[in-house]
Amino acid sequence: MTIRNDKQNDKQNDKQNDKQNDKQNDKQNDKQNDKQYDKQYDKQNDIQHDIAGQHNRTTYDEEAVAMERIVRAVRSRSRPYRKTADDRLVSAKHFWIGKEADQGFLFRLFMYLILVDTAFIYIKPILYMAGTMIKDASNMLDPSVIWVPRSIYTGHLEEAFKLLKYNSGFVYSLTISLSVTVLQIISCAIAGYAFARLEFSFKKLWFAALVFTFILPPQLTILPSIIMFKQLGWANTVLPMIVPAIFGHGLKGALFVIIFRQFFSTLPKELEEAARMDGANAFRFFFKVMLPISRSAIIVVFLFSFVWNWNDFYLPSMYMSGAKEVPLSISLAKLAASLNADSAQGGTSIFAEPVKMAASFLIILPVLVVYAIAQRWFVEGIERTGLVE
């Protein structure tokens, strides 16, 4: 029994010793593991702090560099910039010649000189005419009065108004000019549309013949035309000037056909294709689509035709030499001839020139009014019809 008790006590002691040893070993291992973990954790924290410090230092350095740049820029702006000799040469070149050919001072000066000279050529006769027609006898005899009279006298305008028979002559000239203008717009627009859009036989040949009639002087065909119109019984009437306009002829008719042809050639073909899909033929497409949108070309042709027919003297003098009612252009020629005849018989009169100037002013006054009203549309039409090119 004693031996058994000793064995049991030994086992219990061994177990207790093993447990104590295991606990001590576990504590030591845990301490070592905790120390290693703490060291690793401290190292990672140190590394992160180092990285964060470097980033902060980099950001601070970048901000410092940016501030230095700003300070330098402000200082450089505050300091006056001193141009070098090359900079002065370049700036002088840009001022006189320009970066492009049409931007320099010399080019603009040259253009303004040409414009002023050209304007003076056209304005000087008008200023002389306006100044002369309002001079009375004292201003005409005063050698110191050249351009601007000391007083305004309207008697010459009244006398020219009576000698020209201005009321009847104005109505007659207006009737002829408007009739020819409207007929030329319609006929020349149709011909220009045909040459621009339609295909027909000998198209190029007919267009060449049209251009030939434009460059052909009217003096070559005036005699056969007079003989033909006399045979038709149209002598001393307005029919020789109105009837040819129905067929696109008349004064400068070929030019108006070319203007309309150029304008219709610039329009897109999709308009015509869409109209054909809707079942429209050539005439319907022209009158419904092309003619309404050709306002710019119509204004150009209207002004050209009206002004040229209003001022025309050659054709009325050939066709209406013996007519009682004549346009104002023929009335002005007859007035000048009568004043010259009176001067030849009774000596030179100081009032002959003011009366002529007054008559000329009365004739060109309607044209100036029409152009002043339609100037904006006229310039726009010139650009769109391609006459500038």
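Residues numbered from 1 in each chain as written. Predicted model: local features only at pLDDT ≥ 70, side-chain atom pairs only at ≥ 80, totals over all residues. Heavy atoms only, no water.

Quick look at the packing of aromatic side chains
To keep it simple, the criterion reads: Any Phe, Tyr or Trp ring, taking Trp's six-membered ring, that has another such ring centre within 6.5 Å forms a pair; planes under 30 degrees apart are called stacked, those over 60 apart edge-to-face, and the others tilted. Put simply, DSSP H or I for four residues or longer makes a helix, DSSP E for two residues or longer makes a strand, and each gets a number counted from the N terminus. We call a charge positioned above a ring when the Lys NZ or Arg CZ atom is no farther than 6 Å from the ring centre and deviates by at most 35 degrees from the ring normal.
Considering all chains together, one arrives at 19 aromatic pairs under this definition. Measuring from ring centre to ring centre gives 6.5 Å for Tyr 128 and Trp 147, while their planes differ by 85°; the resulting arrangement is edge-to-face. In this pair, Tyr 128 sits in helix H3 (residues 105-133) while Trp 147 sits in the loop between helix H4 (137-141) and helix H5 (155-163), placing the two residues 19 residues apart along the sequence. Among the aromatic side chains, those forming a connected cluster through ring pairs are Tyr 193, Phe 260, Phe 263, Phe 264, Phe 285, Phe 286 and Phe 287. The cationic tip of Arg 261 hangs over the ring face of Phe 207; the distance from NZ or CZ to the ring centre is 4.4 Å.

Observations regarding the packing of helix H6 (residues 166-197) against helix H9 (residues 239-246)
For clarity, the cut-off: Interaxial angle, 0 to 180 degrees, is taken between N-to-C directions of lines fitted to C-alpha atoms, where a helix line uses only the stretch in contact. Throughout, the term roughly parallel applies to angles under 35 degrees, roughly antiparallel to angles over 145, roughly perpendicular to angles from 65 to 115, and oblique to all others. If you view the pair so one helix is near and one far, a crossing is left-handed when the near helix is turned anticlockwise from the far one by less than a right angle, and right-handed when it is turned clockwise. Contacts were defined at the residue level, with two residues in contact if any of their heavy atoms lie within 4.5 Å. We call Asp, Glu, Lys and Arg charged. Ala, Val, Leu, Ile, Met, Phe, Trp, Tyr, Cys and Pro are nonpolar, and the rest, Gly among them, are polar.
Taken N-terminus to C-terminus, the directions of H6 and H9 make an angle of 20°; their axes are 7 Å apart at the nearest point. Judged by the inter-axis angle, H6 sits roughly parallel to H9. Crossing hand, H6 versus H9: left-handed. Seen from H6, the contacting residues are Ile 176, Ser 179, Val 180, Leu 183, Gln 184 and Ser 187; seen from H9, they are Met 241, Ile 242, Ala 245 and Ile 246. Along the lines of polarity and charge, the residues of the contact of H6 with H9 split into seven nonpolar, three polar and no charged.

Focus on unusual backbone geometry
Backbone geometry places Lys 165, a non-glycine residue, at a positive phi of 50°. Positive phi is not limited to glycine here, since Phe 202 has a value of about 55°. When you line up the elements, Phe 202 lands in the loop between H6 and helix H7 (203-215).

Observations concerning H3
Let me state the cut-off plainly: For a helix, the expected span equals 1.5 Å multiplied by the residue count minus one. For a residue, the bend is simply the angle between two axes, fitted respectively to the seven-residue segment ending there and the seven-residue segment starting there. Note on exposure labels: buried denotes an accessible area under 20% of the residue type's maximum, exposed denotes more than 50%, and partly exposed covers the range between, all computed with a 1.4 Å probe on protein chains only.
Across its 29 residues, H3 extends 41 Å between first and last C-alpha, which sits within 8% of the 42 Å expected from 1.5 Å per residue. The largest bend in H3 is about 35°, located at Ile 123, with the proline Pro 125 one to four residues further on. Within the sequence span of H3, burial applies to Met 129, Gly 131, Thr 132 and Met 133. Those residues of H3 hidden inside the fold are in contact with H5 and helix H16 (352-373).

So, helix H15 (residues 328-346)
Compared with an ideal rise of 1.5 Å per residue, which puts 19 residues at 27 Å, H15 spans 26 Å between its outermost C-alpha atoms and is within 8% of the ideal. Turning to H15, its buried residues number three or more, namely Leu 328, Ser 329, Ile 330, Ser 331, Leu 335, Leu 339 and Ser 343. Where H15 is buried, its residues meet H5, H6, helix H13 (295-311), helix H14 (314-319) and H16.

Structural notes on the environment of Trp 308
You can see Trp 308 is positioned in helix H13. Separated by 56 residues in the primary sequence, Trp 308 and Lys 252 have C-alpha atoms spaced 8.5 Å apart. Each residue touching Trp 308, except ones within four places of it in the same chain, is listed here: Leu 251, Lys 252, Leu 255 and Phe 256.

Points about the side chain of Lys 135
Applied cut-off: In this count, Lys and Arg are taken as positive residues and Asp and Glu as negative ones, while His and the chain termini are left out. By convention in these notes, a salt bridge is any Lys or Arg side-chain nitrogen within 4 Å of a carboxyl oxygen on Asp or Glu. In protein, a polar contact requires one atom able to donate a hydrogen and another able to accept it; more generally it is a pair of N or O atoms within 3.5 Å, and residues adjacent in sequence count only if both atoms are side-chain atoms.
Considering the arrangement of structural elements, one finds Lys 135 in the loop between H3 and H4. Despite its burial, Lys 135 remains without a salt bridge, the nearest opposite charge being carried by Glu 353 at 8.0 Å. For Lys 135, the side chain forms a polar contact with the main-chain oxygen of Ile 146, separated by 2.9 Å. Those residues in contact with Lys 135 that sit more than four places away from it in its chain are Met 140, Val 145, Ile 146, Trp 147, Pro 149, Tyr 153 and His 156.

Side note on the nonpolar core
This is how the line gets drawn: The term nonpolar core refers to a set of buried residues drawn from Ala, Val, Leu, Ile, Met, Phe, Trp, Tyr and Cys, joined through side-chain atoms within 4.5 Å.
The biggest cluster of nonpolar side chains holds 28 residues, and the ones touching the most others in it are Phe 260, Phe 264 and Met 290. Counting only elements with at least two residues in this core, the list comes to H6, H7, helix H10 (253-265), helix H12 (282-293) and H13. Sort the elements by how many residues they give to this core and H10 lands first, with eight residues. The contacts of Phe 264, once residues within four sequence positions are left out, are Ala 189, Gly 192, Tyr 193, Ala 196, Arg 197, Phe 286, Met 290 and Ser 294.

Regarding the pattern of salt bridges
This structure, assessed with the given rule, holds four salt bridges. Asp 142 is paired through a salt bridge with Arg 150; the nearest N and O atoms lie 2.3 Å apart. For Arg 150, a relative accessible area of 60% corresponds to the exposed category. Residues Lys 203 and Glu 199 are paired through a salt bridge, measuring 3.8 Å at the closest nitrogen-oxygen approach. Through salt bridges with shared partners, a single network forms among Arg 197, Glu 272 and Arg 276.

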